[in-house]
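Coordinate inspection notes
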Amino acid sequence: MKIRPITAAPAFVVLVCSLAFAQSNGHPERFTANAVSLSPEYGTGQQMVEFMVNRWSPNAERERLVMVLQEKGPAELLKQLQKMKPVGRIRTPDSIGYDLRYAQQTPSEDGGRTIVIATDRPIGFWEATQRPRSIDYPFTVIQMNIGREGTGAGTMSYATKIIAKDNMIELEDFATKPIMLNNIRAEAKK
């Protein structure tokens, strides 16, 4: 299956790629990163962000989500994702955070790994009632490349649309610039 971005924003959809060697088991982990936004849609600036992964999604969950997207579309993908048992949480120091619904890691050739996390994003009262354009971008997709030493970098597309088109998966970022995740540090969860 090929992947094509709708916009110039990078498409990080390892979530839906068929990877024969994807790992679904691993230990719970905590990731911290400096999140840097240059987009006026998200607000510019830098803030710490924490991702807690309590369990890793099995390959069967990934395959089911891909099938739902291809056969029933993004609205059904969102419903199915929202029904899934949380795999962890995302939060900033000044928030209680929200649940993550999907997390999978894949080993890379250099001894590190690629981690993909996906979830529905919180929709506030104003957004739900006023229904601005951002309401059509209900997903958050995070990709992290972690080296064997436990550090790395990545991106987070906070308000994202995911669609299947012509046997390809397309990812469109509402702000067209993902949030950069710098100085990622991974540590085993205690």
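Presented here is a report on the structure given in the accompanying data block. Predicted model, so just to flag it, every value in this text is computed and none were measured.

About the criteria used
Residues numbered from 1 in each chain as written. Predicted model: local features only at pLDDT ≥ 70, side-chain atom pairs only at ≥ 80, totals over all residues. Heavy atoms only, no water. Core = buried A, V, L, I, M, F, W, Y, C linked by side-chain atoms within 4.5 Å. Buried < 20%, exposed > 50% of the residue type's maximum accessible area, 1.4 Å probe, protein only. Helix = DSSP H or I, 4+ residues; strand = E, 2+ residues; numbered from the N terminus. Pairing = 2+ DSSP bridges. Salt bridge = Lys/Arg side-chain N within 4 Å of Asp/Glu carboxyl O. Contact = heavy atoms within 4.5 Å. Axes fitted to C-alpha atoms, helices over the stretch in contact; angles between N-to-C directions. Parallel < 35°, antiparallel > 145°, perpendicular 65-115°, else oblique. Nonpolar A, V, L, I, M, F, W, Y, C, P; charged D, E, K, R; others polar. Phe/Tyr/Trp six-rings, centres within 6.5 Å; stacked < 30°, edge-to-face > 60°. Lys NZ or Arg CZ within 6 Å of the ring centre and 35° of its normal.

Here we take up the nonpolar core. Among the nonpolar cores identified, the biggest contains 21 residues, and Phe 31, Phe 51, Ile 90, Ile 117, Ile 142, Met 144 and Leu 181 are the most heavily contacted of them. Elements with a contribution of two residues or more to this core: strand 2 (29-37), strand 3 (45-53), strand 5 (98-100), strand 7 (113-120), strand 8 (139-146) and strand 11 (179-188).

For a regular strand, side-chain orientation follows a simple rule: the groups alternate between the two sheet faces. Most of strand 7 is tucked away: 8 of the 8 residues are buried. The alternating pattern of strand 7 places Arg 113, Ile 115, Ile 117 and Thr 119 and Thr 114, Val 116, Ala 118 and Asp 120 on opposite faces, both of which are buried. In this structure, strand 6 (residues 102-107) lies alongside strand 7, joined through 6 bridges in antiparallel fashion. Opposite Tyr 102, over in strand 7, you have Ala 118 as the bridge partner. Where strand 6 folds back on strand 7, the antiparallel hairpin that results is connected by 5 residues, among which Gly 111 adopts a positive phi of roughly 95°. In this sheet, strand 8 lies alongside strand 7 in antiparallel orientation, the contact comprising 8 bridges. Looking at strand 8, one finds that Ile 117 is bridged to Ile 142.

Another point: the pairing of strand 4 (residues 88-91). Along strand 4, the buried face is formed by Gly 88 and Ile 90; none of Arg 89 and Arg 91, which line the opposite face, is buried. As paired strands, strand 4 and strand 5 are joined by 3 bridges and run antiparallel to one another. By the bridge assignment, Arg 89 is partnered in strand 5 with Asp 99. A loop of 6 residues connects strand 4 with strand 5, the two strands running antiparallel in sequence, and Gly 97 in this loop sits at a positive phi of about 85°.

Okay, the pattern of salt bridges next. Any two side chains of opposite charge can pair, on the condition that their charged atoms come close. Inspection of every chain in the model, using the stated rule, returns 8 salt bridges. Ionic pairing is found between Arg 113 and Glu 29, a salt bridge with its closest N-O pair at 2.7 Å. Placement of Arg 113 in strand 7 and of Glu 29 in strand 2 is noted, with a sequence separation of 84 residues between them. With a relative accessible area of 17%, Arg 113 lands in the buried category. You can call Glu 29 buried: its relative accessible area is 10%. Its salt-bridge partner being Arg 30, residue Glu 187 comes within 3.3 Å of it at the nearest N-O pair. Separated by 157 residues along the polypeptide, Glu 187 in strand 11 and Arg 30 in strand 2 bring together distant segments of the chain. Overall, Glu 187 belongs to the partly exposed group, its relative accessible area being 37%. Through salt bridges that share partners, Arg 30, Glu 50, Arg 91 and Glu 187 make up one connected network.

Attention now goes to the environment of Ile 184. Structurally, the position occupied by Ile 184 is in strand 11. Residue Ile 184 is classed as buried on the basis of its relative accessible area of 1%. Along the chain, Ile 184 and Thr 32 lie 152 residues apart, while their C-alpha atoms are 5.5 Å from each other. Those residues in contact with Ile 184, other than ones at most four positions away along the chain, are Phe 31, Thr 32, Ala 33, Met 144, Ile 146, Gly 150, Thr 151, Gly 152, Ala 153 and Gly 154.

Attention now moves to the packing of helix 1 (residues 59-72) against helix 2 (residues 74-83). It is at 7 Å that the axes of helix 1 and helix 2 come closest, and there the two elements cross at 150°. The angle between the axes of helix 1 and helix 2 places the two elements in the roughly antiparallel class. Listed contacts from helix 2 to Arg 64, Leu 65, Val 68, Leu 69 and Lys 72 of helix 1 are Pro 74, Glu 76, Leu 77, Gln 80 and Leu 81. A breakdown of the residues in the contact of helix 1 with helix 2 according to their chemical character gives 6 nonpolar, 1 polar and 3 charged.

Using the criterion set out here, one finds 0 aromatic pairs in the structure. Above the face of the Tyr 137 ring, Lys 161 is positioned so that its terminal group lies 4.8 Å from the ring centre.

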